[in-house]
Amino acid sequence: MPTLRFNPLFMILCREYVKRHPRVARNPKDFVRRCGRYAAYMLEENFDLDPRRILSREAPRNLEKLVAVYIPKEDADKIRNLLEKYGIFKTLSSFYYFSALMVLLGNWELPPRI
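The model shown is predicted, which means the values in this text are computed figures rather than measured ones. (Residues numbered from 1 in each chain as written. Predicted model: local features only at pLDDT ≥ 70, side-chain atom pairs only at ≥ 80, totals over all residues. Heavy atoms only, no water.)

The subject of this paragraph is the side chain of Ser-99. Tracing the sequence through the fold places Ser-99 in helix α5 (residues 92-104). Given a relative accessible area of 15%, Ser-99 falls into the buried group. A distance of 2.9 Å separates a polar side-chain atom of Ser-99 from the backbone oxygen of Phe-95. (Helix = DSSP H or I, 4+ residues; strand = E, 2+ residues; numbered from the N terminus. Buried < 20%, exposed > 50% of the residue type's maximum accessible area, 1.4 Å probe, protein only. Polar contact = N/O pair within 3.5 Å; in protein donor to acceptor, adjacent residues only side chain to side chain.)

Written as structure tokens, this is what we have:
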């Protein structure tokens, strides 16, 4: 079984969540496992498309290149402070991956642009 290592502050947050919602998991480790399993289920349910078919049609041929997304400095600084404070993510990009994935899976609803 693969072993993943998580930040202790993140596990404290998970423990507090489990204390407040004891029906979701037995302990913080079980909570993390269940979250991963649920996210995989949501991915399969919400993205029933064949990625290879879409890539062959729409994606550029050179998939090795990363796409640059510029983040305003104020946003980046604020998020970095939050990441350091709570210890949830190690990198800014992992936070943005997570945020976009939560919207894509339908767990969060992005408000309309004004």
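We now examine the pattern of salt bridges. Using the criterion set out here, one finds 5 salt bridges in the structure. Across the pair Asp-30 and Arg-26 runs a salt bridge whose closest N-O atoms are separated by 4.0 Å. Among the ionic pairs, Arg-80 bridges to Asp-77, the shortest N-O distance being 4.0 Å. Linking Arg-80 with Asp-77, this pair stays in helix α4 (residues 73-86), spanning 3 residues, or about one helical turn. Residues joined in a network through salt bridges with shared partners are Arg-15, Glu-16 and Lys-19. (Salt bridge = Lys/Arg side-chain N within 4 Å of Asp/Glu carboxyl O.)

Tracing the backbone shows Asp-30 in helix α2 (residues 28-46). In this structure Asp-30 comes out as buried when scored by relative accessible area, which is 9%.

What follows covers a positive patch on the surface. There is a patch of like positive charges on the surface, built from Lys-29, Arg-33, Arg-34 and Arg-37. Its location among the elements puts Lys-29 in helix α2. (Patch = residues over 30% accessible without salt bridge, like charges linked within 9 Å, V, L, I, M, F, W, Y side chains within 5 Å. Areas by Shrake-Rupley, 256 points an atom, 1.4 Å probe, with all protein chains shown as cover. Lys, Arg positive; Asp, Glu negative; His and termini not counted. Charge placed at Lys NZ, Arg CZ, Asp CG, Glu CD.)

Our focus in this paragraph is the packing of α4 against α5. Their axes nearest at 10 Å, the elements α4 and α5 cross at an angle of 95°. As the angle between them shows, α4 and α5 are arranged roughly perpendicular. Taking contact as the criterion, the partners of Asp-75, Ala-76, Ile-79, Arg-80 and Leu-83 in α4 are, on α5, Leu-92, Phe-95 and Tyr-96. Of the residues contributing to the contact of α4 with α5, the split by class is 6 nonpolar, no polar and 2 charged. (Axes fitted to C-alpha atoms, helices over the stretch in contact; angles between N-to-C directions. Parallel < 35°, antiparallel > 145°, perpendicular 65-115°, else oblique. Contact = heavy atoms within 4.5 Å. Nonpolar A, V, L, I, M, F, W, Y, C, P; charged D, E, K, R; others polar.)

Here a ring pair, both rings aromatic, is described through the centre-centre distance and the interplanar angle of the planes. Within the structure shown, the criterion is met by 5 aromatic pairs. Ring centres 5.1 Å apart and planes at 35° place the aromatic pair Tyr-17 and Phe-31 in the tilted group. With Tyr-17 in helix α1 (residues 8-20) and Phe-31 in helix α2, this residue pair connects regions lying 14 residues apart in the sequence. When its relative accessible area of 36% is taken as the criterion, Tyr-17 is described as partly exposed. Phe-31 gets classed as buried once you look at its relative accessible area, which sits at 16%. Site record: aromatic cluster; members linked through ring pairs are Phe-89, Phe-95, Tyr-96 and Phe-98. (Phe/Tyr/Trp six-rings, centres within 6.5 Å; stacked < 30°, edge-to-face > 60°.)

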